[in-house]
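# Topology and contacts: notes
What follows is the residue order along each chain.
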Amino acid sequence: MIAVTGGTHEEFREYVVARGPALLRVAYQLTGHASDAEDLLQAALVKTYLAWDRIQDRAALDGYVRRAMVNINISWWRRRKLEEYPSAELPEPALTGDFAYLPERVEQALDRLPTRMRAAIMLRYYEDMTESEIATALGVSVGTVKSTVSRAMAKLRGDLVLAESRRLEPQV
């Protein structure tokens, strides 16, 4: 194999050893699954290895491999048969057992928040507004929005944990 590639086998191996983990993280970001990321990186490295002699700028190798991963991932995505079809409405997840009353408990906990905290949470997580948009809407600074949302989330978590522990306590 070294005779076929003109002796670049060792150089390629050193590149993969040095950059492999970082490239695997990129592949994982593209696929979302560890095994798919490994397959994607391997396919991109095969393409890179085959083109190794044509790549003049060794500093651009990461870009070459990343672009190969994107292109391969798009090709794989196009080949997959659509087994699920998009719909206009998202189905509500089926909540069972202890989680059956969670939406109601979250709504009750939101109702117990002070007005500004409730408004910040609703704008951030229900209206999907950015912190700067919320700051403008509420007439406060971005820092105030950040701290308000943080404190409100802590209060909600605490409220929901307390409600859960009260619910689980044995009745005397």
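Keep in mind that this is a model prediction, so the values were computed, not measured.

Calculation rules
Residues numbered from 1 in each chain as written. Predicted model: local features only at pLDDT ≥ 70, side-chain atom pairs only at ≥ 80, totals over all residues. Heavy atoms only, no water. Helix = DSSP H or I, 4+ residues; strand = E, 2+ residues; numbered from the N terminus. Buried < 20%, exposed > 50% of the residue type's maximum accessible area, 1.4 Å probe, protein only. Contact = heavy atoms within 4.5 Å. Areas by Shrake-Rupley, 256 points an atom, 1.4 Å probe, with all protein chains shown as cover. Core = buried A, V, L, I, M, F, W, Y, C linked by side-chain atoms within 4.5 Å. Polar contact = N/O pair within 3.5 Å; in protein donor to acceptor, adjacent residues only side chain to side chain. Expected span 1.5 Å × (residues − 1).

## Section: the overall build of the protein
- Check the secondary structure of the protein and you find 8 helices and 0 strands.
- Its helices and strands taken in sequence order, the protein reads α-α-α-α-α-α-α-α from the N to the C terminus.
- Taking all 172 residues of the protein together, 26% fall into the buried category.
- For the protein, restricting intrachain contacts to residue pairs at least 6 apart in sequence, the fraction spanning at least 24 positions comes to 57%.
- Taken as a whole, the protein presents about 12,700 Å² of accessible surface, with 56% of it coming from carbon and sulfur.

## Points about the nonpolar core
- Counting 17 residues, the largest nonpolar core has Tyr15, Leu23, Ala27, Leu41, Ala44, Val65 and Met69 as the members making the most contacts within it.
- If you list the elements that add at least two residues to this core, you get helix 2 (9–31), helix 3 (34–50) and helix 4 (61–79).
- What Met69 contacts, discounting residues up to four positions off in sequence, is Leu23, Val26, Ala27, Leu30, Leu40, Leu41 and Ala44.
- Listed in part, the 14 residues of the second largest apolar core include Leu123, Met129, Ile134 and Ala152.

## Thoughts on the environment of Leu23
- Mapped onto the secondary structure, Leu23 falls in helix 2.
- Judged by relative accessible area, which is 2%, Leu23 ranks as buried.
- Between the C-alpha atoms of Leu23 and Ala44, which are 21 residues apart in sequence, the distance is 9.9 Å.
- Ignoring sequence-local partners within four residues, the contact set of Leu23 consists of Tyr15, Leu41, Asp62, Val65, Arg66 and Met69.

## With respect to the side chain of Thr31
- Positionally, Thr31 belongs in helix 2.
- Residue classification places Thr31 among the buried positions, given a relative accessible area of 17%.
- A distance of 3.1 Å separates the side chain of Thr31 from the backbone oxygen of His33, its partner in a polar contact.
- Setting aside residues no more than four positions away along its own chain, Thr31 makes contact with Asp36, Ala37, Leu40 and Asn73.

## Points about helix 6 (residues 115–126)
- The end-to-end C-alpha distance of helix 6, which contains 12 residues, comes to 15 Å, matching closely the 16 Å that a straight helix rising 1.5 Å per residue would cover.
- Regarding helix 6, the residues found buried are Met117, Ala120, Ile121 and Leu123.
- A positive backbone phi angle near 55° is found at Asp128, which sits one or two residues after helix 6.

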